[in-house]
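Chains, contacts and geometry: an overview
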Amino acid sequence: MSSAIYGGTTVEVNDEGFFEDPGKWTEAMAPEIAKAQGIDVLTEHHWQVIKFMRAEYIEKGSGPTVRVLGKTSGVSIKELYQLFPKGPAKTAAKIAGIPKPRGCI
Amino acid sequence: MSDPIEKVSIIVSKGSLEGVYPALIMANGARAEGIEANLFFTFFGLDVIHRSTIDHIKVATVGNPGLHLATIAGGLPGMSSVMTHYLEKKMEKLDIPPIPEFVEMIADTGAGIYACKASTDLFELGEEDLIDQVMDIITVGEFFAMAAGGEIIFT
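Presented here is an overview of the structure given in this document. (Residues numbered from 1 in each chain as written. Chains lettered and ligands numbered in written order. Predicted model: local features only at pLDDT ≥ 70, side-chain atom pairs only at ≥ 80, totals over all residues. Heavy atoms only, no water.)

**Quick look at the overall build of chain B**
Heads up, the condition is: The helix and strand labels rest on DSSP assignments: H or I over at least four residues marks a helix, E over at least two residues marks a strand, and numbering proceeds from the N terminus. Based on C-alpha atoms, the radius of gyration is set beside the globule rule, defined as 2.2 Å times the residue count to the power 0.38. Here, two residues are considered to be in contact whenever any of their heavy atoms come within 4.5 Å of each other. The Shrake-Rupley method, run with a 1.4 Å probe, gives the accessible areas here. Residue values count only the displayed protein chains as cover.
Check the secondary structure of chain B and you find 6 helices and 5 strands. Written out in order from the N terminus, the α and β elements of chain B read β-α-β-α-α-α-β-α-β-α-β. At 16 Å, chain B has a C-alpha radius of gyration in line with the 15 Å of a compact globule built from 155 residues. Seen through its principal axes, chain B has C-alpha atoms that stretch 45 × 45 × 25 Å. Within chain B, counting contacts between residues at least 6 apart in sequence, those at least 24 apart form 70% of the total. Carbon and sulfur atoms form 60% of the exposed surface of chain B, whose accessible area is close to 8,300 Å².

See below:
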């Protein structure tokens, strides 16, 4: 476990950089986390995915995989990879302050 | 921690359902992790990217001890279709996509899909016989050039 500073607040993150406590996340932290992931500007479509991830996590206790995102978020698989080239579900979960989604598909 | 894997090249040489899914799952999973992925279809693996066979990939019910089915029973007419149907139903429940949809999805993730030239020559196939997602028919030399610097997985 290590820590990171986003928006002037220190938060605990795991070895891969995912929040240990999703409750500590605020929207204001997202742009800074995104930048560290190589995404300089969060567009409306980025936010659509980030907010969807967060809502799914709060409702179901885990974030959706790329397959589920493509079917339910309103953003196609192709566009998801354009928005988050380093893995849509993984990167969006990190920016949304939730744990890495688990699933093989 | 070891250096992360940055690129995988997965060769699919089998045309059975159990021979194809692991490769598709690995390619899709690699992309989900941000890993560059290319799929190469050779020999009977070509069935996966052939327009007329992609929808008819079946489980091998003979010579497949993992099924725990007597060989003589596995050879009965229709057994392969029945077992395939059974597995497909189970996969549907787990939201594992059918092969045509899965291949399309993998292409959408940005993974490359290629056919092996030696195999297309052998089976007398041209680009017009292959699904639209196939980027090119390539030689083994071109494959190695493309795979350079990454991991190669043969299935």
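**Comments concerning the interface of chain B and chain A**
So the rule is basically this: When a carboxyl oxygen of Asp or Glu is within 4 Å of a side-chain nitrogen of Lys or Arg, the pair counts as a salt bridge. Between N or O atoms, a polar contact is any pair within 3.5 Å; within protein, one atom must be a potential hydrogen donor and the other a potential acceptor, and residues adjacent in sequence are included only when both atoms are from side chains. Ten residue types, Ala, Val, Leu, Ile, Met, Phe, Trp, Tyr, Cys and Pro, are classed as nonpolar, four, Asp, Glu, Lys and Arg, as charged, and the remainder, Gly among them, as polar.
Contact with chain B, which involves 14 residues of that partner, is made by 14 residues of chain A. Viewed at the interface, chain A and chain B are joined by 6 salt bridges. Between chain B and chain A we count 6 residue pairs in polar contact (both at pLDDT 80 or more) in total. Contributing elements (two or more residues each) for the side of chain B that touches chain A: helix H1 (17-32) and helix H4 (99-108) of chain B. For the side of chain B that touches chain A, the per-class residue count stands at 6 nonpolar, 3 polar and 5 charged.

**Description of the side chain of A:Arg67**
Our working definition: For each residue, the accessible area found with a 1.4 Å probe, counting protein chains only, is set against the maximum for its type, and the residue is called buried under 20%, exposed over 50%, and partly exposed in between.
Mapped onto the elements, A:Arg67 comes out in helix H3 (residues 66-72). On the basis of relative accessible area, A:Arg67 is assigned to the buried category, the value being 7%. Within the structure, A:Arg67 has its side chain in polar contact with the side chain of B:Glu101 (distance 2.7 Å). Contacts of A:Arg67, omitting those with residues within four sequence positions, involve A:Ile77, A:Ile105, B:Asp95, B:Pro97, B:Glu101 and B:Met105.

**Some remarks on the environment of A:Gly61**
All names here are of chain A. Looking at the secondary structure, you find Gly61 in the loop between helix H2 (44-60) and H3. According to the relative accessible area criterion, Gly61 is partly exposed, its value standing at 49%. Distance in space between the C-alpha atoms of Gly61 and Tyr6 is 23 Å, their sequence separation being 55 residues.

**Some remarks on the sheet that holds strand S3 (residues 112-116) of chain B**
All names here are of chain B. Note the threshold: Two strands pair if DSSP finds at least two bridges between them. Whenever a helix is involved, its axis is fitted only over the stretch in contact; in every case the axis is a line through C-alpha atoms, and angles between N-to-C directions fall within 0 to 180 degrees.
The 5 strands are arranged S4-S3-S2-S1-S5 in an open sheet whose pairing can be described as parallel. Here the strands that pair on one side only, and so sit at the sheet edges, are strand S4 (136-138) and strand S5 (151-154). Neighbouring strand axes in the sheet, compared pairwise and without regard to direction, differ in orientation by 25° on average.

**Some points on the pattern of salt bridges**
Taken as a whole, this structure holds 12 salt bridges over all chains when the rule is applied. Measuring nitrogen to oxygen at the nearest pair gives 2.8 Å for the salt bridge that ties A:Lys71 to B:Asp95. You can see A:Lys71 sitting in helix H3 and its partner B:Asp95 sitting in the loop between helix H3 (79-93) and H4, one on each of two chains. Overlapping salt bridges, with partners in common, bring together A:Glu16, A:Lys90, A:Lys100 and B:Glu33 in one network.

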